[in-house]
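Descriptive structure summary
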Amino acid sequence: MDSRAEAEFTEFMHARWPRLVRLGYGLTGDPGLAEDLAQTALARAFASWPRVRRAGDPDAYVRRIMVNANISRFRKRRVREQVMDLPLETLPHPVDATRQHDDRSALMAALTSLPQGQRAVVVLRYWMDMTEAEVAATLGCSVGNVKSQASRALAKLRLSSDLAEGKLP
Amino acid sequence: MTIDDERELRRRLDSVLEAITPSPAPVAATLRRGGTIRTWRRVGVAVGLAAAVGIALAAPGLVHQIVGRAPITQHEHKWVVTVYPPGPHHPTGEVAWGTINGKRWQITVSSAGQCVQGRFNGQDGDLDCGGPITASQDRSVPVIFTGTSDSRVTFQAGVVQPDVARIVVSLAGGRKLTLQPYPLYGQRWVAFAVPAGLPILNGTAYSTKSELAHSVPYGDDFVTWLRPGEHGRAPATYVIGSGVVDGVSWSAVLHVGPWGYCLDTPGSTYCLGAQSSLDNTYRAGGLIAGGSLLVNGEATASVAYVVGTLTDGRTVRATVVGVGGPRFWAWVVPSGQRLRRVVFYTASGRQVAVQSGAKYNLGI
């Protein structure tokens with residue numbers, strides 16, 4: 001790989017890292033796994049950088065790798081994850097820590113109760129603001145499938161006891 | 001029920017995910033991981049660089065020697081490997097399947113033809129995605145394989161030229177895999193999987209009437225396809241550079257052979273096809289323990305040495321090594337330093353080409 005491409009990749013990684021880790025957190029509910037997932041995807045992007053760059057949308061490439069790597073991880077583990085309390089150092093404002101901690105735990109508990117595909121649709125569609133077509137391309141499925149997954153996910157979230165009114169401040 | 005509509009969900013996701021404060025981006029570790037992921041996409045032609053200026057301070061020159069033929073890995077196990085085209089009820093995107101000692105493997109490609117994924121014994125291999133996988137624009141190259149490997153299996157897939165009727169891959173132990181192109185998404189695909197560690201000896205592409213080309217891979221990598229009757233270069237190994245930096249030894253070793261030119265450096269391998277036109281070039285070759293960066297490249301016929309200027313004003317210098325036509329060089333950029341520029345000189349000290357290193361930043 002030539003040095004310009006490597007410098008370009010480094011710049012890309014610095015710029016995208018925070019958002020990719022947040023995407024990873026949305027997909028996994030675990031800060032450590034989130035960083036590992038982001039790094040895995042970026043390492044694969046680096047290994048294929050000339051082709052990724054030529055394709056013109058490295059963000060889409062990395063997102064696709066992250067989502068698929070996470071689904072593969074789940075297939076291998078076949079263990080239901082439980083959301084644990086998050087480390088306090090990830091909380092940005094000590095004043096709001098209690099409220100945000102509760103809010104985050106509740107939402108992440110509800111999210112991680114969803115099947116992997118539905119969780120990915122929720123994060124990509126409602127946090128990353130991707131269109132249904134973009135989500136479909138990322139997940140390698142049809143737009144119709146994205147719509148039905150989103151609909152089922154929203155239905156489950158509406159009924160989630162973790163998000164019940166009384167549990168939130 | 002607290003999520004009444006999509007807007008509420010967006011607000012909550014924002015509030016939760018934007019509050020995450022990631023650790024600093026682990027750029028050096030990611031580059032190391034990326035460098036060790038095996039891929040088989042050939043660049044083919046090195047990137048050309050531009051013209052003149054600069055004066056060098058000396059650093060240790062790099063000496064080369066022919067140290068022998070490229071090593072050949074011995075296979076210890078008895079492997080039974082098969083490959084078949086997709087059957088009538090095959091999974092979406094499958095382009096080939098088969099078995100390795102009775103355990104099933106399959107290779108699928110995504111509908112856009114951008115991702116290849118292998119699966120062995122019920123477990124997915126790494127997903128290999130990027131730009132569209134297509135046949136080479138050079139019609140004399142029958143196929144460009146792309147793929148991945150892990151500790152168990154090497155998966156390779158590619159799109160063949162219209163005149164390719166089959167590709168035969170010969171493995172150590174006398175086994176031959178006949179790859180029949182399979183039409184999918186408007187292209188004709190071939191794919192195969194072999195156990196990691198089982199040497200691939202060669203590949204031959206045939207039309208319906210005759211041999212089109214043959215290739216001796218470097219490891220698993222079909223870098224160069226030769227015309228029928230062509231033998232390519234005899235295998236030889238050259239040390240392009242070696243030394244010790246911050247107490248850590250390093251080397252850049254070039255394996256020349258019918259596959260072309262493959263430079264092994266710490267953490268990475270870079271290959272050029274035998275027909276590649278070489279210019280004055282530099283690239284990152286991998287990170288050495290301690291954070292130093294190995295930089296290497298090619299040079300044109302008149303270049304005798306290459307000098308890099310670092311951000312602290314020091315320079316590094318490498319003697320260019322001729323390997324019977326092409327010329328290669330390598331040096332090390334110490335940890336914490338960046339390249340300001342790279343200058344290519346003739347033996348008499350005339351500058352032939354200069355490349356800015358201003359943007360060169362590994363984030364380490």
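Located above this text is the structure these notes cover.
Our focus in this paragraph is the sheet that holds strand E21 (residues 315-319) of chain B. Residues and elements named next belong to chain B. In spatial order, the strands read E21-E20-E24-E25; together these four strands make up an open sheet with antiparallel pairing. A strand with exactly one partner marks an edge of an open sheet, and here the two such strands are E21 and strand E25 (351-356). Across this sheet, the average inter-strand angle for adjacent strands is 15°, counted without regard to direction.

Residues and elements named next belong to chain B. Taken in spatial order, the four strands of this open sheet run E6-E7-E11-E10, and their pairing is antiparallel. Two strands in the sheet have a free side with no partner beyond their single neighbour: strand E6 (143-149) and strand E10 (182-184). Each strand of the sheet is rotated relative to its neighbour by a mean of 35°, with strand direction disregarded. By the bridge criterion, three bridges tie E10 to strand E11 (residues 187-195) in an arrangement that is antiparallel.

Moving on, we come to empty space enclosed by the protein. Residue and element names in this part refer to chain B. Across all of its chains, the model carries two cavities of 30 Å³ or more by this definition. Here the largest cavity is characterised by a volume of approximately 60 Å³. In terms of lining residues, the largest cavity is bounded by Val83, Tyr84, Pro85, Val95, Ala96, Thr178, Leu179, Gln180, Trp189, Val190 and Ala191. For the lining of the largest cavity, the secondary structure elements donating two or more residues are strand E2 (94-100), strand E9 (176-179) and E11. Ranked by residue count, the leading element in the lining of the largest cavity is E11, at three residues. In terms of residue class, the lining of the largest cavity is built from nine nonpolar, two polar and no charged.

All names here are of chain B. Counting buried residues along strand E7 (residues 153-160), eight of its eight residues qualify, which places the element largely inside the surrounding structure. The alternating pattern of E7 places Val153, Phe155, Ala157 and Val159 and Thr154, Gln156, Gly158 and Val160 on opposite faces, both of which are buried. Note that E6 and E7 share seven bridges and pair antiparallel. Looking across to E7, one finds that serine 149 is bridged to threonine 154.

According to the stated counting rule, one finds nine salt bridges over all chains in the structure shown. In this structure, arginine 10 of chain B engages aspartate 129 of chain A in a salt bridge whose closest nitrogen and oxygen atoms are separated by 2.4 Å. Remark: aspartate 129 of chain A occurs in the loop between helix H6 (116-127) and helix H7 (132-139) and arginine 10 of chain B occurs in helix H1 (residues 6-17); the pair is interchain, linking two chains. Among the ionic pairs, glutamate 94 of chain B bridges to arginine 104 of chain B, the shortest N-O distance being 3.4 Å. One end of the pair, glutamate 94 of chain B, is in strand E2; the other, arginine 104 of chain B, is in strand E3 (residues 103-109), and 10 residues separate them in sequence. Exposure remark for glutamate 94 of chain B: the relative accessible area of 1% places this residue in the buried category. You can call arginine 104 of chain B partly exposed: its relative accessible area is 38%. A single network of salt bridges, built from pairs that share partners, joins Arg19 and Arg22 of chain A together with Glu18 of chain B.

Before going further, it helps to spend a moment on the state of the cysteines. Residue and element names in this part refer to chain B. A complete count under the given rule lists one disulfide over all chains for this structure. Disulfide pairing is shown between cysteine 262 and cysteine 271; the S-S distance is 2.1 Å. Since a negative S-S torsion denotes a left-handed disulfide, the cysteine 262-cysteine 271 link at about 115° is right-handed. No difference in accessibility class separates cysteine 262 from cysteine 271, as the two residues are buried.

The next thing to look at is the packing of aromatic side chains. Aromatic ring pairs are defined here through the distance separating the ring centres and the angle between the ring planes. As enumerated under the stated definition, the model contains 13 aromatic pairs over all chains in all. Here the aromatic rings of phenylalanine 9 of chain A and phenylalanine 12 of chain A are separated by 6.4 Å at their centres, their planes lie at 40°, and the arrangement is tilted. Highlighted residues: phenylalanine 9 of chain A and phenylalanine 12 of chain A, both in helix H1 (residues 3-28), separated by three residues, approximately one helical turn. Pair check on accessibility: phenylalanine 9 of chain A and phenylalanine 12 of chain A agree, each one buried. Ring centres of tyrosine 305 of chain B and tyrosine 345 of chain B lie 5.1 Å apart, and the angle between their planes is 15°; this geometry places the pair in the stacked category. Of the two residues, tyrosine 305 of chain B is situated in strand E20 (residues 305-310) and tyrosine 345 of chain B in strand E24 (residues 339-345); the sequence distance between them amounts to 40 residues. Judged by its relative accessible area of 3%, tyrosine 345 of chain B is buried. Among the aromatic residues, those joined into a cluster by ring pairs are Phe9, Phe12, Phe46 and Trp49 of chain A. The ring of tyrosine 305 of chain B carries arginine 317 of chain B above its face, with NZ or CZ at 3.8 Å from the centroid.

Reading the values: the criteria
Residues numbered from 1 in each chain as written. Chains lettered and ligands numbered in written order. Predicted model: local features only at pLDDT ≥ 70, side-chain atom pairs only at ≥ 80, totals over all residues. Heavy atoms only, no water. Pairing = 2+ DSSP bridges. Helix = DSSP H or I, 4+ residues; strand = E, 2+ residues; numbered from the N terminus. Axes fitted to C-alpha atoms, helices over the stretch in contact; angles between N-to-C directions. 1 Å grid on protein atoms, 1.4 Å probe; cavity = no way out; pocket = protein on both sides within 12 Å on 5 of 7 lines; lining within 4 Å. Points joined across faces, edges and corners; volume = space filled by probe spheres on them. Nonpolar A, V, L, I, M, F, W, Y, C, P; charged D, E, K, R; others polar. Buried < 20%, exposed > 50% of the residue type's maximum accessible area, 1.4 Å probe, protein only. Salt bridge = Lys/Arg side-chain N within 4 Å of Asp/Glu carboxyl O. Disulfide = S-S within 2.5 Å. Phe/Tyr/Trp six-rings, centres within 6.5 Å; stacked < 30°, edge-to-face > 60°. Lys NZ or Arg CZ within 6 Å of the ring centre and 35° of its normal.

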